[in-house]
Amino acid sequence: LDVIRGVEPRVADAIANELADQREMLKLIASENYASPATLLAMGNWFSDKYAEGTAGRRFYAGCRNVDTVETLAAEHARTVFGADHAYVQPHSGIDANLVAFWAVLSQKVESPALARAGARQVNDLSEQDWAELRREFGNQRMLGMSLDAGGHLTHGFRPNISGKMFDQRSYGTDPATGLLDYDAVRAAAREFRPLIIVAGYSAYPRLVNFRLMREIADEVGATLMVDMAHFAGLVAGKVLTGDFDPVPHANIVTTTTHKSLRGPRGGMVLCDEALAEHVDRGCPMVLGGPLPHVMAAKAVALAEAARPEFRDYAQAIVDNSRALAEGLLTRGAKLVTGGTDNHLVLIDVSGYGLTGRQAEAALLDAGIVTNRNSVPQDPNGAWYTSGIRIGTPALTTRGLGTAEMDEIAGLIDTVLSGATAAPAKNGGTSKAHHVLDAAVAEQVAKRAADL
Ligand code: PLP
């Protein structure tokens, strides 16, 4: 830090303060974790100075032998950990991994047949007419994904996102009565809509997805099944999600982040079958900017950690803790979407406390508990204020907390949410944004949060 302080002391201070915050507050954001020192160190070094467009052994730049080593190792570890045919470890983030996957499927299912029809090797060889036709075909493809308010991600076809504009999109949701995925409804939507891609996976669904069934549906309508396992990749790596619930044997293409439950550096990754490999590997420079060699080095380290037997214990502990947290909240009267959890996350419907998600998030932060607000299915408060709080256990499990502490944390959350009220709005009524929480309650909970 002293080296940084000599150049820009405010950055050094922000880094030190961030460490203090992450130590003193309870990090319950379901998509965050604590990467190991080995992973962090693999990321903070001279690899960051290197350009390496292309793939290992086939670069557009000279001098890439050491990058080749780390990229090859990261891909090897990824294939071993997930049992995948092919791994592409260059995406800079989860969204980038999804864009690469969309592009690869379009390339495989739209561009390759068009080239074959025209007897061309690449798009530059197409006549102007064939090229115009291909561009029209690209723009006419359909995607079916889980809706945002049911727990899907923005990139699964949400209209304001690029995915909702690239594709003619339709969403599937959850059963309003149970909050659970309704596979018959997904099948009916797929039969009617006949999408090119079906996207499964989620950011805020607290249950398991049956990927064998999703593949059956995709096969029936000739769609490619893409699974975005960004949130639960650590549970797949740790063999908690197996059989029908492991996406890798069932999906044609799997994308993930590396920094959530997988506990690696911030980044993304694509796993796929051999048929898609050549399309995926052209991700950089066709979709992505130059790869980040320092992050690929850190991915190799984190994936080597995920291959160890103790990672299985960690993954199981994430789920045990999540269940204990859900139980603790239910016993105290909280309302949970789907009534509980089978994975690493819990979605609290905070309308039962008379709060919006935004108020609940802010009140919890006052008390040293870091969460994020999240829509619940059919949310009356929309995506900004929301009615939910999403909490997850990957980070606190890394810190060694167990089920007894989870029950205590459920109590702390309940104390804060029960003690908080909506602030009066300027024009009468109550605000959706602001809250009131007794300072003594906030202080007392924050002190316990720091001790934990
Ligand atoms: N996919 C899912 C399911 C996610 O939950 C997220 C993160 O929020 C992403 C993709 C995007 O990841 P990133 O922020 O690394 O682009």
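What counts as what
Residues numbered from 1 in each chain as written. Predicted model: local features only at pLDDT ≥ 70, side-chain atom pairs only at ≥ 80, totals over all residues. Helix = DSSP H or I, 4+ residues; strand = E, 2+ residues; numbered from the N terminus. Rg over C-alpha atoms; globule rule 2.2 N^0.38 Å. Contact = placed C-beta atoms within 7 Å. Near = placed C-beta within 6 Å. Nonpolar A, V, L, I, M, F, W, Y, C, P; charged D, E, K, R; others polar. UniProt positions renumbered as here; feature names shortened; annotations may be inferred. Buried ≥ 20, exposed ≤ 12 C-beta atoms within 10 Å, placed from the backbone. Pairing = 2+ DSSP bridges. Core = buried A, V, L, I, M, F, W, Y, C linked by C-beta atoms within 7 Å. Axes fitted to C-alpha atoms, helices over the stretch in contact; angles between N-to-C directions. Expected span 1.5 Å × (residues − 1). Arc of directions from axis to C-beta. Parallel < 35°, antiparallel > 145°, perpendicular 65-115°, else oblique. Left-handed = near helix turned anticlockwise from the far one by under 90°. pLDDT = per-residue confidence, 0-100.

Engineer: Please clarify how the overall build of the protein should be interpreted in this entry.
Structural biologist: A tally of helices and strands in the protein yields 19 helices and 16 strands. The C-alpha atoms of the protein give a radius of gyration of 23 Å, which matches the 22 Å a tight globule of 452 residues would have. In the protein, the share of contacts with a sequence separation of at least 24, taken over all contacts with a separation of at least 6, comes to 72%.

Engineer: What exactly am I supposed to notice about the site of the ligand here?
Structural biologist: Every one of the 13 residues lining the ligand counts as a neighbour, but Ser93, Gly94, Ile95, Ser203 and Ala230 are closest to it. When grouped by side-chain class, the residues that make up the shell around the ligand number two nonpolar, 10 polar and one charged.

Engineer: How should I be thinking about the UniProt feature "domain: Serine hydroxymethyltransferase-like" (unreviewed entry) in the protein in this particular structure?
Structural biologist: Following the UniProt record, the feature "domain: Serine hydroxymethyltransferase-like" (unreviewed entry) maps to residues 7-108 and 141-413 here. This span, residues 7-108, is 55% helix and 9% strand, and a straight line between its end C-alpha atoms measures 49 Å.

Engineer: Could you clarify how one ought to interpret the pairing of strand S14 (residues 388-392) in this entry?
Structural biologist: Every other side chain in a regular strand lies on the same face of the sheet, so the side chains alternate between the two faces. With respect to burial, S14 is a largely interior element, five of its five residues being buried. What you see with S14 is no split at all: Gly388, Arg390 and Gly392 on one side and Ile389 and Ile391 on the other are buried throughout. Relative to S14, strand S11 (residues 345-349) runs antiparallel, the two being bridged by five bridges. Residue pairing for S14: Val346 is matched across the bridge by Ile391. Direction of pairing for strand S13 (residues 372-374) relative to S14: antiparallel, over a ladder of three bridges. Within S14, the position partnered with Asn374 by the bridge is Gly388.

Engineer: Explanation requested: the nonpolar core in the structure shown.
Structural biologist: The tendency in soluble globular proteins is for nonpolar side chains to be buried as a group. The biggest cluster of nonpolar side chains holds 131 residues, and the ones touching the most others in it are Ala78, Ile198, Ile253, Val270, Leu271 and Val416. If we skip the residues at most four places from it in the chain, Val416 touches Ala363, Leu364, Ala367, Ile369, Leu437, Val441 and Val445.

Engineer: How should I be thinking about the sheet that holds strand S7 (residues 197-201) in this particular structure?
Structural biologist: Strand pairing in a sheet relies on backbone hydrogen bonds, with the paired strands running either antiparallel or parallel. Read from one edge to the other, the open sheet built from seven strands follows the order S4-S10-S9-S8-S7-S5-S6, with strand pairing classed as mixed. Looking at which strands have only one partner, the edges of the open sheet turn out to be strand S4 (86-88) and strand S6 (168-172). Averaged over all adjacent pairs, the angle separating strand axes in this sheet is 20°, with direction ignored. Of the strand pairs in this sheet, strand S5 (residues 142-146) and S7 are connected by two bridges, and their pairing is parallel. Each bridged residue has a counterpart across the sheet, and for Met143 the counterpart in S7 is Ile197. Of the strands in this sheet, S7, strand S8 (224-228), strand S9 (253-257) and strand S10 (268-272) touch helix H5 (residues 94-118), which is tilted by about 165° from S9.

Engineer: It is not clear to me how the environment of Tyr202 should be interpreted in this structure. Could you clarify?
Structural biologist: Position of Tyr202 relative to the elements: it lies in the loop between S7 and helix H9 (211-221). For Tyr202 and Leu148, which are 54 residues apart along the polypeptide, the C-alpha to C-alpha distance reads 8.6 Å. Apart from residues no more than four positions distant in its own chain, Tyr202 is found in contact with Met146, Gly151, Gly152 and His231.

Engineer: It is not clear to me how the sheet that holds S13 should be interpreted in this structure. Could you clarify?
Structural biologist: Strands sit in the order S11-S14-S13 across an open sheet of three strands; the sheet is antiparallel. Of all strands in the sheet, those with a lone pairing partner are S11 and S13, marking the two edges. Across the sheet, the axes of successive neighbouring strands diverge by a mean angle of 35°, strand direction being ignored. Docked against the sheet, helix H14 (residues 309-331) engages S11 and S14, running at close to 20° with respect to S11. Seen against the sheet, helix H15 (residues 357-366) touches S13 and S14 and runs at an angle of roughly 165° to S13.

Engineer: Teacher, can you tell me more about the UniProt feature "binding site: (6S)-5,6,7,8-tetrahydrofolate" (unreviewed entry) in the protein here?
Structural biologist: Look at the UniProt record and you will see "binding site: (6S)-5,6,7,8-tetrahydrofolate" (unreviewed entry) annotated at Leu148, Gly152, His153, Leu154 and Glu274. Considering the C-alpha atoms alone, the annotated residues occupy 127 residues of sequence and remain spread out, their largest mutual distance being 30.7 Å. You can see Gly152 is positioned in the loop between S5 and helix H7 (162-166). Taking the C-beta count within 10 Å as the criterion, Gly152 has 25 such neighbours and is therefore assigned buried. Each residue touching Gly152, except ones within four places of it in the same chain, is listed here: Gly145, Met146, Ser147, Ser171 and Tyr202. Within the secondary structure, Leu154 is located in the loop between S5 and H7. Contact partners of Leu154, with chain neighbours within four places excluded, come to Leu148 and Asn161.

Engineer: Quick question: what am I supposed to make of helix H19 (residues 439-451) here?
Structural biologist: A turn of α-helix holds 3.6 residues, and therefore any two residues three or four places apart point the same way. For H19, which comprises 13 residues, the first-to-last C-alpha distance of 18 Å matches the rise-based estimate of 18 Å (1.5 Å per residue) to within 8%. Among the residues of H19, Ala442, Val445, Ala446 and Ala449 are the ones counted as buried. Taken around the axis of H19, the buried residues stretch over an arc of 105°, which confines them to a single face. Along H19, the residues that are exposed and aim more than 90 degrees away from the buried face are Ala440 and Asp451.

Engineer: Would you mind showing me how to read helix H8 (residues 183-193) here?
Structural biologist: What H8 keeps buried is the set Val186, Ala189 and Ala190. For H8, the angular spread of the buried residues around the axis is 100°, confining them to a single face. Exposed residues pointing more than 90 degrees away from the buried face of H8 are listed as Asp184, Arg191 and Glu192. Next to the buried residues of H8 lie S5, S6, S7 and H9.

Engineer: What should I look at first to understand the packing of helix H18 (residues 403-419) against H19 in this one?
Structural biologist: Each pair of packed helices can be summarised by the angle the axes make with each other and by the distance between the axes. Axis separation between H18 and H19 bottoms out at 10 Å; the angle between their running directions is 165°. Here H19 runs roughly antiparallel to H18, going by the angle between their axes. Crossing hand, H18 versus H19: left-handed. Side by side, H18 and H19 meet where Leu412, Thr415, Val416 and Gly419 of the first sit next to Val441, Val445, Arg448 and Ala449 of the second.

Engineer: Before we go on, may I ask you to explain the confidence of the model for the protein in this structure?
Structural biologist: Low pLDDT marks regions whose predicted coordinates should not be analysed in detail. Summary statistics for the protein give a mean pLDDT of 97 and a share of 100% for residues scoring 70 or more. What the predictor reports for the complex is a pTM of 0.97 with an ipTM of 0.99.

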